[in-house]
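Coordinate analysis (summary)
Read off the chains here:
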Amino acid sequence: MLKVSALLQMSEDARDEALSKSNGAVGEMRKKIAMFERRYEMTSEEMRQSFATGKMRDTADTSEWLMLLRTVNRVG
Amino acid sequence: MSGKHGPVPLEKYLNIHQSAMASHLKLGFVIDDGVQFDVVRSHAVYQLAGRIQCAGQLTLDVRKVLEVTGREGRVQFVQTVEYTYHAQLGKVREVFRYCGPHEEGHNDEHHVHRFDVLGSGKQLADSPTFLIHEEERPTLGEVIEELHRWHDTHGDDAARLLASFD
């Protein structure tokens, strides 16, 4: 992870290299998804179903959980 | 023609972010900018995430996902494809939360949740509000400005509320 200011201070080559670094954020996202699954004692798929049917409300946690799932799916 | 949230060169995007944060830090409302940049998939998907600590024990938790939509030479054009901006008062109240569309059949438009911060703490009856038009959807800088205005208007009452939880 990098501060935006640090990224802006890099040369173009150094920034290119930093942007090539492998998916550090995906690991953090998967850990957070696992944390939500433990906290709510359900799988992400169960949460998705519960959310779609209105059994689970749109809260800060469910919103972030869904966003993480969409993002992890986006990158495969 | 590119709209308010259309694709922009990554460097321009980062400069806009940095300039907005510098301005809010200078004003003294933002105390610490904990937002950091990370790679989700190299040269394709990036993330900006972290906590912005503000005056009056207000915090803004940010998570944005940027996708590379095109390139011109070495210049990558990026666009926000996911976001959530969650403003809270200490650990006791939510102030508001902006979210992109949930694609799971519930609140599937851009929307904002607002809360009765100084009263029940519950979500307001007319919340969430849907942000149908692109112009209604704020940038991170505009979200910080909104929180700053909230602090200017309600800061004293908010301080009393926080003290009541001590």
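This write-up is about the structure you can find in this document. (Residues numbered from 1 in each chain as written. Chains lettered and ligands numbered in written order. Predicted model: local features only at pLDDT ≥ 70, side-chain atom pairs only at ≥ 80, totals over all residues.)

Now for the overall build of chain A. Check the secondary structure of chain A and you find 5 helices and 1 strand. Secondary structure elements of chain A, listed N to C terminal, follow the sequence β-α-α-α-α-α. For the C-alpha atoms alone, the extent of chain A along its principal axes is close to 50 × 20 × 20 Å. Looking at chain A residue by residue over its 76 residues, the buried ones come to 21%. Long-range pairs, those at least 24 residues apart, make up 47% of the contacts in chain A with a sequence separation of at least 6. (Helix = DSSP H or I, 4+ residues; strand = E, 2+ residues; numbered from the N terminus. Buried ≥ 20, exposed ≤ 12 C-beta atoms within 10 Å, placed from the backbone. Contact = placed C-beta atoms within 7 Å.)

The next thing to look at is the interface of chain B and chain A. On the chain A side, the residues contacting the 30 residues of chain B number 31 residues. Broken down by secondary-structure element, the contributors of at least two residues to the side of chain B that touches chain A are helix H1 (10–27), strand S3 (36–41), strand S4 (45–54), strand S5 (58–72), strand S6 (75–89) and strand S7 (93–99) of chain B. In terms of residue count, the dominant contributor to the side of chain B that touches chain A is S3(B) (6 residues). Across the side of chain B that touches chain A, the residue classes tally to 8 nonpolar, 13 polar and 9 charged. (Nonpolar A, V, L, I, M, F, W, Y, C, P; charged D, E, K, R; others polar.)

All names here are of chain A. By the secondary structure assignment, asparagine 73 is in helix H5 (residues 60–75). What makes asparagine 73 exposed here is the crowd of 8 C-beta atoms within 10 Å. Along the sequence, asparagine 73 and arginine 48 sit 25 residues apart, while their C-alpha atoms lie 14 Å from each other.

Glancing now at the nonpolar core. All names here are of chain B. Of all hydrophobic cores here, the largest spans 47 residues; its most connected members are Leu60, Val62, Tyr85 and Leu147. The element best represented in this core is S4, accounting for 6 residues. Residues within four places of leucine 147 in sequence aside, it is in contact with Cys54, Leu58, Leu60, Ala87 and Val95. (Core = buried A, V, L, I, M, F, W, Y, C linked by C-beta atoms within 7 Å.)

The next point concerns the packing of helix H3 (residues 24–40) of chain A against H5(A). Residues and elements named next belong to chain A. Relative to each other, H3 and H5 sit at 140°, their axes nearing to 10 Å. Considering their axes alone, H3 and H5 lie oblique with respect to each other. Like other packed secondary-structure pairs, H3 and H5 cross with a definite hand, here left-handed. On H5, the residues touching Val26, Met29, Arg30, Lys32, Ile33 and Phe36 of H3 are Asp61, Trp65, Leu68, Leu69, Thr71, Val72 and Val75. When its residues are assigned to classes, the contact of H3 with H5 shows 9 nonpolar, 1 polar and 3 charged. (Axes fitted to C-alpha atoms, helices over the stretch in contact; angles between N-to-C directions. Parallel < 35°, antiparallel > 145°, perpendicular 65-115°, else oblique. Left-handed = near helix turned anticlockwise from the far one by under 90°.)

On to H3(A). For H3(A), spanning 17 residues, the distance from its first C-alpha to its last is 25 Å, which sits close to the expected 24 Å at 1.5 Å a residue. Three or more residues of H3(A) are buried, namely Ala25(A), Val26(A) and Met29(A). Buried residues of H3(A), seen end-on, are gathered within an arc of 100° and therefore sit on one face of the element. Facing away from the buried side of H3(A), by more than 90 degrees, are the exposed residues Gly27(A), Arg30(A), Lys31(A), Ala34(A), Met35(A), Arg38(A) and Arg39(A). Against the buried residues of H3(A) lie H5 of chain A together with S3 and S4 of chain B. After H3(A) finishes, the residue Glu41(A) shows a positive phi value of roughly 50°. (Expected span 1.5 Å × (residues − 1). Arc of directions from axis to C-beta.)

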